[in-house]
Amino acid sequence: MYTKEEIVKSVPQTGFVGQPKGLFPLFFTEFWERFSYYGMRAILIFYMYYAVKDGGLGLDRSQANIIMSIYGSLIYMSGIIGGWIADRIIGTQKSVFYGGILIMIGHIALALPGGAMSLYASMFFIIIGTGLLKPNVSAVVGDLYADNDPRRDSGFSIFYMGINMGAFLSPLLVGWTEQKWGFHAGFAVSAVGMFIGLVVFVLSKKNLGLAGSQPTNPMNEQEKKKAAINFSIGGAVVLVLGIIAYTTGNASIENFSLLITTLGVLIPTVFMIYMYRSPKTTEVEKSRLLAYVPLFISAVMFWAIAEQSATTLATFVDTRTDLTLGNFEIPPSWFQSLNPLFIIALAPLFALLWTKWGERGPSTPKKFAFALIFAGASFIIMMIPSLITDGETLVSPLWVVFSFFLVVLGELLLSPVGLSATTKLAPAAFAGQTMALWFLASSAASAINAQLVRIYEVISETAYFGVLGALSVLLGIVILFLTPKISKAMRGIK
Ligand code: GLU
Ligand code: ASP
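Residues numbered from 1 in each chain as written. Chains lettered and ligands numbered in written order. Predicted model: local features only at pLDDT ≥ 70, side-chain atom pairs only at ≥ 80, totals over all residues. Heavy atoms only, no water.

Novice: Explain the site of ligand 2 residue by residue, including any values.
Specialist: Looking at ligand 2, the residues that line it are Y38, Y160, I163, N164, A167, N339, P340, I343 and E411. At a separation of 2.9 Å, a nitrogen atom of ligand 2 approaches a polar side-chain atom of N164. Between ligand 2 and the protein, one listed contact pairs a nitrogen atom with a side-chain N or O atom of E411 at 2.6 Å. Coverage of ligand 2 by the protein amounts to 87% of the 270 Å² it exposes when considered alone. Looking at the shell around ligand 2 residue by residue, the classes come out as six nonpolar, two polar and one charged. (Near = heavy atom within 4 Å. Polar contact = N/O pair within 3.5 Å; in protein donor to acceptor, adjacent residues only side chain to side chain. Areas by Shrake-Rupley, 256 points an atom, 1.4 Å probe, with all protein chains shown as cover. Nonpolar A, V, L, I, M, F, W, Y, C, P; charged D, E, K, R; others polar.)

Shown next, in the form of structure tokens:
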């Protein structure tokens with residue numbers, strides 16, 4: 001086993017914008033991975049509900065929204081498995097590589113005209129692949145720096161910019177390709193993106209040195225046997241349940257969504273209870289864990305709204321807004337570039353603000369509270385255009401642009417601090433799983449969305465946006481009131 005010092009020493013400590021050279025492969029691999037993911041997602045919803053004659057699968061809109069949400073949930077849920085595989089079997093470097101291969105296969109499946117079967121196969125590959133790649137590639141970023149290296153935070157910020165640059169470019173490119181040559185061509189662009197990411201990773205991973213080259217907590221033979229037995233039993237149970245559901249006529253998307261919603265909420269709950277009761281968790285850590293609960297719930301509420309930019313709001317853009325600009329029809333998928341564009345534009349401003357305010361800046365719980373208020377406002381604002389349209393009159397898409405802008409103000413308060421808060425508040429014995437724990441908030445959010453989007457189709461849009469928006473603002477206010485209590489329970493963590 002290498003020590004932290006040996007690992008840091010093995011990484012060339014300069015060579016990439018003032019950061020360790022190891023950041024280069026991580027930055028570009030994640031750039032291309034997010035490129036492929038967000039590009040695919042920008043057209044996937046339309047692919048599902050567009051009529052067959054328009055190149056789509058002809059599913060109904062509600063089902064398409066449910067599938068998008070289930071997918072969004074599993075993408076982040078699988079991080080627990082990916083983190084575990086890296087930690088205990090193959091190490092993070094290999095996990096990133098194999099994850100990338102699976103993701104590429106997933107996009108290729110969609111690039112082929114295989115109908116719904118291709119879609120499900122693609123989802124399977126991309127879920128497992130992302131579970132292997134996403135949490136692990138972010139974990140290696142942390143491994144590049146010595147514990148007291150002041151460049152660590154800016155390293156993560158640069159990495160975060162890479163994510164959003166990928167997420168910004170791909171909806172434009174994938175969306176444009178889709179408009180010109182159809183959906184499968186669009187998905188092919190995602191596949192090519194992931195391929196480029198893999199090539200960059202393989203060619204430049206020598207700069208990672210020893211970082212992520214070994215599992216941090218490898219299994220012994222006995223543990224391997226036990227894990228194999230448990231996996232086989234788990235797999236068999238899932239298979240039997242699937243067969244029962246299928247033969248009894250219960251294998252519907254709606255029922256599956258109920259299962260995912262339950263799991264999405266249950267997994268983080270059980271995980272937190274497990275950490276709390278673990279004998280390895282100290283008294284101080286218990287208090288910090290309790291402080292983490294309201295922050296986690298806030299993150300779930302926040303992501304539930306933010307993730308709807310690719311579901312309900314994408315549907316709104318497509319069906320309710322007037323996208324003609326002179327002779328040009330703006331592809332609805334392009335709107336997915338707005339969130340990352342705003343992030344890229346505003347992140348430096350926020351960073352500057354925090355530096356300027358220093359100690360006087362808002363605490364983590366306060367930032368979370370304001371994030372909820374912005375997210376809530378982004379939905380409340382949508383009540384206006386949804387009141388104006390009656391299904392026939394189209395409204396200006398600028399409403400959605402403004403709504404996305406408000407979400408981003410919240411995202412910048414919550415997303416970059418969320419992970420670091422998780423690392424600091426989770427008990428030390430579970431440090432290896434903190435990345436996965438943070439992504440479980442996004443997973444739970446989409447799991448809950450799988451039910452919310454069903455409601456979207458049956459109640460008025462105005463009521464839907466109003467109630468959810470108000471709920472988020474309300475929770476934000478509650479957190480604001482609880483801030484002194486939460487801060488105290490954080491025991492010295494800011
Ligand atoms: N949009 C960010 C990413 O893709 C955050 C994802 C999340 O935590 O839900 O990395
Ligand atoms: N802002 C998201 C993230 O940080 C990207 C997106 O929603 O397109 O990656």
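Novice: Just give me the short version of the environment of Q19, but keep the residues and values in it.
Specialist: Following the sequence through the fold, Q19 ends up in strand β2 (residues 19-20). For the pair Q19 and R152, spaced 133 residues apart in sequence, the C-alpha to C-alpha distance is 8.7 Å. Excluding residues within four positions of it along the chain, Q19 makes contact with Q13, T14, Y145, R151, S154, G155 and I158. Side chain to side chain, Q19 and Y145 meet in a polar contact 2.5 Å long. There is a polar contact of 3.2 Å between the side chain of Q19 and the side chain of S154. (Helix = DSSP H or I, 4+ residues; strand = E, 2+ residues; numbered from the N terminus. Contact = heavy atoms within 4.5 Å.)

Novice: Tell me about the pattern of salt bridges, and name the residues and values.
Specialist: Under the definition given, this model contains ten salt bridges. Here E223 ties to R88 by a salt bridge, and the two come within 3.2 Å at their closest N and O atoms. With E223 in helix α8 (residues 221-247) and R88 in helix α4 (residues 79-111), this residue pair connects regions lying 135 residues apart in the sequence. When its relative accessible area of 31% is taken as the criterion, E223 is described as partly exposed. (Salt bridge = Lys/Arg side-chain N within 4 Å of Asp/Glu carboxyl O. Buried < 20%, exposed > 50% of the residue type's maximum accessible area, 1.4 Å probe, protein only.)

Novice: Tell me about the site of ligand 1, and name the residues and values.
Specialist: By nearness alone, every residue bordering ligand 1 is listed as R34, Y38, Y76, K134, I163, W303, F439 and S442. Side-chain polar atom of R34 to an oxygen atom of ligand 1: 2.8 Å apart, as the coordinates give it. Within the complex, 94% of the 300 Å² of free accessible area of ligand 1 lies under protein. Elements with a contribution of two residues or more to the shell around ligand 1: α2 (23-49) and α16 (434-458). Residue composition of the shell around ligand 1, by class: five nonpolar, one polar and two charged.

Novice: Explain the nonpolar core residue by residue, including any values.
Specialist: With 110 residues, the main nonpolar core has L44, F187, F302, W303 and W438 as its most contacted residues. In this structure, L44 is in contact with M68, Y71, L110, L119 and F187, ignoring residues within four places of it in sequence. Membership of the second largest hydrophobic core comes to 22 residues, among which are L23, V137, F159 and M194. (Core = buried A, V, L, I, M, F, W, Y, C linked by side-chain atoms within 4.5 Å.)

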